[in-house]
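Close look at the chain arrangement
Residue-level listing of the chains:
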Amino acid sequence: MFIFKIIIVVFGLIEIMTNGYYLFGKNKIMKAKLQHRELPEEITVFQLKVKVILMFLSGCLFLITGIASFFKEKEYLLFLSLIFFNLYALCEALYYRYWKVFGFFIVSIFMTLIYIFLR
């Protein structure tokens, strides 16, 4: 479980850094298409910006709850963040109805199942 928590913290940091770069960098939002290849090709700039904001916030959530999970009484926060991430991925999959986005949803489910298995 310790390694899983470290992976969650690192995942959060990576999401914050990469999506923060796309979000706050001058004219960088279109470069986010390279990272978020699971989205359909015809995605608008607004949709891409929403995706980047949500992934940035997900990174913040994983970083905070991952660090908090190292304290025994706060471990449930990590599970809650995984559930919220699953709901976000499900909403995105239902919105786009694109096979790669459903793959992203399945990966998020596996993250939660790994947590449950390791628990």
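Residues numbered from 1 in each chain as written. Predicted model: local features only at pLDDT ≥ 70, side-chain atom pairs only at ≥ 80, totals over all residues. Heavy atoms only, no water.

This paragraph deals with the UniProt feature "transmembrane region" (unreviewed entry) in the chain. Per the UniProt record, "transmembrane region" (unreviewed entry) is annotated on residues 6–24, 52–71, 77–96 and 101–118. The distance from the first to the last C-alpha atom of residues 6–24 is 26 Å, and the span holds 100% helix and 0% strand. Secondary structure within residues 101–118 divides into 100% helix and 0% strand; the distance between the first and last C-alpha atoms comes to 26 Å. (UniProt positions renumbered as here; feature names shortened; annotations may be inferred. Helix = DSSP H or I, 4+ residues; strand = E, 2+ residues; numbered from the N terminus.)

For soluble globular proteins, the rule of thumb is that nonpolar side chains tend to be buried together. I8, L82 and F85 are the most contacted members of the largest nonpolar core, which totals 23 residues. For this core, the secondary-structure elements that each account for two or more residues are α1 (2–24), α3 (45–68), α4 (75–96) and α5 (99–118). With seven residues, the top contributor of residues to this core is α4. If we ignore the near neighbours within four places in the chain, the residues touching I8 are F62, G66, L78, L82 and M111. (Core = buried A, V, L, I, M, F, W, Y, C linked by side-chain atoms within 4.5 Å. Buried < 20%, exposed > 50% of the residue type's maximum accessible area, 1.4 Å probe, protein only. Contact = heavy atoms within 4.5 Å.)

Taken together, the side chains of F2, I3, I6, I7, V10, L13, I14, M17, I67, F70 and F71 present a nonpolar region at the surface, about 1,100 Å² in accessible area. Top element by residues in the nonpolar patch is α1. It accounts for eight residues. Its location among the elements puts F70 in the loop between α3 and α4. Looking at F70, the relative accessible area reads 37%, which means it is partly exposed. (Patch = residues over 30% accessible without salt bridge, like charges linked within 9 Å, V, L, I, M, F, W, Y side chains within 5 Å. Areas by Shrake-Rupley, 256 points an atom, 1.4 Å probe, with all protein chains shown as cover. Salt bridge = Lys/Arg side-chain N within 4 Å of Asp/Glu carboxyl O.)

Once that is clear, we can look at the layout of surface pockets. Here the largest pocket is characterised by a volume of approximately 180 Å³. Mapped onto the lining of the largest pocket, the elements with two or more residues apiece are α1, α3 and α5. When residues in the lining of the largest pocket are grouped by element, the largest group, five residues, is from α5. In terms of residue class, the lining of the largest pocket is made up of six nonpolar, four polar and three charged. (1 Å grid on protein atoms, 1.4 Å probe; cavity = no way out; pocket = protein on both sides within 12 Å on 5 of 7 lines; lining within 4 Å. Points joined across faces, edges and corners; volume = space filled by probe spheres on them. Nonpolar A, V, L, I, M, F, W, Y, C, P; charged D, E, K, R; others polar.)

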